[in-house]
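Next come the chains, spelled out residue by residue.
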Amino acid sequence: MTSNSTVFVDVNAATMGESQPAYGLIEDAAIAVSGGIIDWVGPRADLPTRFDDHPLTRLGGRLVTPGLIDCHTHIVHGGDRAVEFEMRLNGASYEEVARAGGGIVSTVTATRGATEATLLADALRRVDVLIAEGVTGIEIKSGYGLDIETELRMLRVARAVMQHRPIRVKTTFLGAHATPAEYAGRDDAYIDEVCIPALRAAHAERLVDAVDGFCEGIAFQPEQIARVFDVAVALGLPVKLHAEQLSNVGGAKLAASYGALSADHIEYLDEDGVRALADAGTVAVILPGAFYTLRETQAPPIDQLRKHGVPMALATDINPGSSPLNSLLLTLNMGCTLFRMTPEEALRGVTCHAARALGLTDTGTIARGLRADLAVWDVRHPAELAYRIGFNPLYSRIFGGTSCRH
Ligand code: DI6
Ligand code: FE
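Source: prediction; values computed, not measured.

Asker: Would you take a moment to explain the packing of aromatic side chains for this structure?
Answerer: How two aromatic rings sit relative to each other is given by the distance of their centres and the angle of their planes. Applying the stated rule across the entire model yields four aromatic pairs. Their ring planes at 65° and their centres at 5.9 Å tell us that Tyr183 and Tyr190 sit as a pair that is edge-to-face. In this pair, the class of Tyr183 matches that of Tyr190, namely buried. Look at Phe229 and Tyr258: their rings are 5.3 Å apart centre to centre, the planes differ by 75°, and that puts the pair in the edge-to-face class. Taken together, the residues span a long stretch of sequence, with Phe229 in helix H7 (residues 222–234) and Tyr258 in the loop between helix H8 (251–257) and strand S10 (262–265) at a distance of 29 residues. Relative accessible area serves as the criterion here: at 0%, Phe229 is assigned to the buried category. Taken together, the ring pairs in this structure connect Tyr183, Tyr190 and Phe220 into an aromatic cluster. For Arg388, the ring lying beneath its charged end belongs to Phe391, and the centroid distance is 5.1 Å.

This is the structure:
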C-alpha cells in the first residue's frame, strides 16, 4: 500500500463529469485512490470490498472538486507596471504611457534584465497564491523576452516551477506576443529572425508544450501568426491563440483552422467564429481579468458559445499589465458577475474545460483512472466557490493523492 492510497469518505463530490446531476454531484461519496490515481468514485454505499484494506480519510462532510486548473497565465515576468497603473489613473493616455516606456515594452526590458533565479523567485510567489486556492495545474507562457535567449530563459523558469512546488505546469511559447523595439516597424523580420528560431530552439530543448500568439490589430496579423503555427505543426506542437480581444481580425477562425486547443479572450468573436470553434472542438478561454482591468465594454458572446456547445474555460491571465489578477477564485466570480456564466459553467471552466484547453486528459474531473488531484472546500454547495468575493474556503489540497492542509 503506497502512502498516496486511501479512501476519502464523509464527503460530497462535485466530480464535474456528467452534466446531470449538476456538477456531477455525488452526495455521501467515496473516492478510492491507489498510488495517486483515482481507482473508484461513487456513492459510499456502493464502495467495492476490494478497497477494505485502504485506510479511510474522513473529510468531515465537506465538498471535494477536481483540483483547479489555471489554463492561461503569464506568471513568469520581470518587474511590475504599478507606476503605469498610477499614471493612467492620473489621466495619462495609453499612448502617453507607451511614450514613457510603459506597456509590454517595459516588462520586456525588466524580464531581459532579470536572472533565472529572480524570475523563478517572483513566479513562485504568484504560484503560491494559486496553490493556496486549491490549484493543482497551471499553464505558463513565455512572451516577455522577445529575443531567443530570454524566451528560452522564461520557459526554463516555467519548467523549474514544478521542481519547487507540488503543481503541474504546461508551458506555452508566446514569441509572437509583440514586436520588440529593435524590430520596430519590421514585424515580419522579427517573426523570421527571432520568433521562429526561438520556437525551434525551445522545442529542441524540450521546453515547450504548445504555441500561442497575439492576433490583434496592435500585434500580429493572421498571416503572420499562420507562419508561426506552420512551424508549430511541423514540430508536432498544438496551438492556441489570443484572439478577438480588442477587435475582430479573424484570429479565432485561424486558430480553429489549425485545430487549436483554445482561442482566448474572444470578446469580439462573431457567430461565424463561434461556429468555427464548435466545428474544430476548440475551447473558448474566457479572461475577465483583462476585460476588468482595461475597463472593456464588449463582453464575450457567452450565449452563442452555449448555443453552439463550445466548451468554455476561465483563467486569470496573470500578467503585469492588462490582468494583474492572481486569484482564480475571484476569476470564478468575475466570470459569473461580469459575463453571466452560471456557477457550474464557471467551475467547469477551471476544471474539466481548463484541462481540455491544455490538452490534458488525465485530470480535470474526478473519475476512475485520472490523477487524484483534488481540492477540499469548507462549503455546502459548489456555487459558493463563485459566489464569494475575496474569500478562500479551501480546507485542503490533494496532489497526486497526497494531502496538504492549508
Ligand atoms: N493580451 C493582453 O491583454 C496581454 N497580452 C496579450 O496578448 C497584455 C500583456 C501586458 O500588458 O503586459
Ligand atoms: Fe494573455
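So, next bit.
Asker: Would you explain the pattern of salt bridges in this entry?
Answerer: Side chains carrying opposite charge are able to pair once their charged atoms draw close together. As enumerated under the stated definition, the model contains 26 salt bridges in all. With a closest N to O distance of 3.4 Å, Arg44 and Asp10 form a salt bridge. Of the two residues, Arg44 sits in the loop between strand S3 (37–43) and strand S4 (56–66) while Asp10 sits in strand S1 (residues 6–14), which places them 34 residues apart along the sequence. The class for Asp10 is partly exposed, based on a relative accessible area of 24%.

Quick notes on the rules
All residue numbers refer to position in the chain's written sequence, counted from 1. To read the labels, note that chains go from A and ligands from 1, taken in the order they are written. Predicted model: local features are reported for residues with pLDDT of at least 70 only, side-chain atom pairs are reported and counted for 80 or more only, and whole-chain, interface and lining totals are derived from all residues. Think of the side-chain values as coming from all heavy atoms in the structure, minus any hydrogens and water. Paired rings are identified among Phe, Tyr and Trp, the last through its six-membered ring, by centres lying within 6.5 Å, and are further divided according to the angle between planes into stacked (under 30 degrees), edge-to-face (over 60) and tilted (the rest). The buried label goes to any residue with under 20% of its type's maximum accessible area, the exposed label to any with over 50%, and the partly exposed label to all in between, with areas taken from a 1.4 Å probe on protein chains only. Helix and strand labels come from DSSP, where a helix needs a run of H or I of at least four residues and a strand needs a run of E of at least two; each type is numbered from the N terminus. Only Lys NZ and Arg CZ are tested; either one counts as a charge over a ring when it is within 6 Å of the ring centre and within 35 degrees of the ring normal. By definition here, a salt bridge exists when the distance from a side-chain nitrogen of Lys or Arg to a carboxyl oxygen of Asp or Glu is within 4 Å.

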